[in-house]
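# Residue-level structure breakdown
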Amino acid sequence: MPEPCPATPWPVEMQDLARVLIGAEELRERVCALGTQISGDYAGQDLLLVGVLRGVTIFIADLLRAITIPVTVDFIAISSYGPSLQTGGVVRLTKDLEEPIEGRHVLFVEDVIDTGLTLSYLLRTLRARGPASLRTCVLLDKRAHRLIDVDIAYHGFALHDEYVVGYGLDHRQRYRNLPVVGVLKPECY
Ligand code: IMP
């Protein structure tokens, strides 16, 4: 077994947070519980996790390690044409999946759902490729802004309508390395 890492100091940008909404231990416990649940539900099946770069990286890395059945992983990357409210969630795929998903059990993993427009568009795109099943796992669920009903099989935490960073989520590509989910001080937006 590898030696455990020595305790890492907290990132300096923790000082930009006004509030921590979900702590590192709470994240760890919830992600472990999701992994256990998914492992039970997909036992004996060919499970493929599909994540959307880049916000999902930390969550999917932890979720993968909490899954105890055989599993593979693949990623897509998207570039949005603007706020999903204006585009209706239509995005451009800047990186497609490496693997075919036809006939496979796909679990689509997202960091955050807000209006639901982006997720709904991406699910339509994947469904057209004929997976055996297609379900969704979302870490943060902001229900207040939901414009379209998306069936979420697994979700981590419900959040109010606040822009959050950390645990993979960014503001202008920063703060992804914070080990917690939190709200920035107003002067940092
Ligand atoms: P939706 O189409 O409105 O559901 O938007 C979802 C997308 O908006 C997510 O995939 C994120 O990229 C982004 N997003 C929404 N809320 C947040 C947040 O609080 N922090 C970081 N990104 C967010």
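Reference entry: report on the structure contained in this document. (Residues numbered from 1 in each chain as written. Predicted model: local features only at pLDDT ≥ 70, side-chain atom pairs only at ≥ 80, totals over all residues. Heavy atoms only, no water.)

### As for the site of the ligand
Spelled out, the test is: Residues are counted as near a molecule or strand when any one of their heavy atoms sits within 4 Å of it. Between N or O atoms, a polar contact is any pair within 3.5 Å; within protein, one atom must be a potential hydrogen donor and the other a potential acceptor, and residues adjacent in sequence are included only when both atoms are from side chains. Helix and strand assignments follow DSSP, with helices taken as H or I runs no shorter than four residues and strands as E runs no shorter than two, numbered in order from the N terminus.
Around the ligand there are 16 residues in total, and D114, T115, T118, K142 and V164 lie nearest to it. In this structure, an oxygen atom belonging to the ligand sits 2.5 Å away from a side-chain N or O atom of T118. The contact in question runs from an oxygen atom of the ligand to an N or O atom on the side chain of K142, over 2.7 Å. Elements with a minimum of two residues in the shell around the ligand: strand 5 (105-113) and helix 4 (117-127). The element best represented in the shell around the ligand is strand 5, accounting for four residues.

### Comments concerning the packing of helix 1 (residues 24-41) against helix 2 (residues 57-66)
Here is the rule: Axis definition: a line fit to C-alpha positions, over the contact stretch in the case of helices; interaxial angles, taken between N-to-C directions, run 0 to 180 degrees. Any angle that falls under 35 degrees is termed roughly parallel, while one over 145 is termed roughly antiparallel, one within 65 to 115 roughly perpendicular, and all others oblique. By definition, turning the near helix anticlockwise from the far helix through less than a right angle yields a left-handed crossing, and turning it clockwise yields a right-handed one. Contacts: residue pairs with any heavy atoms within 4.5 Å of one another.
The contact between helix 1 and helix 2 brings their axes to 8 Å, and the two run at 50°. In this view, helix 1 runs oblique relative to helix 2, as classed from their interaxial angle. Crossing angle aside, the handedness with which helix 1 passes helix 2 is right-handed. Seen from helix 1, the contacting residues are V31, C32, L34, G35, T36, I38 and S39; seen from helix 2, they are F59, D62, L63 and A66.

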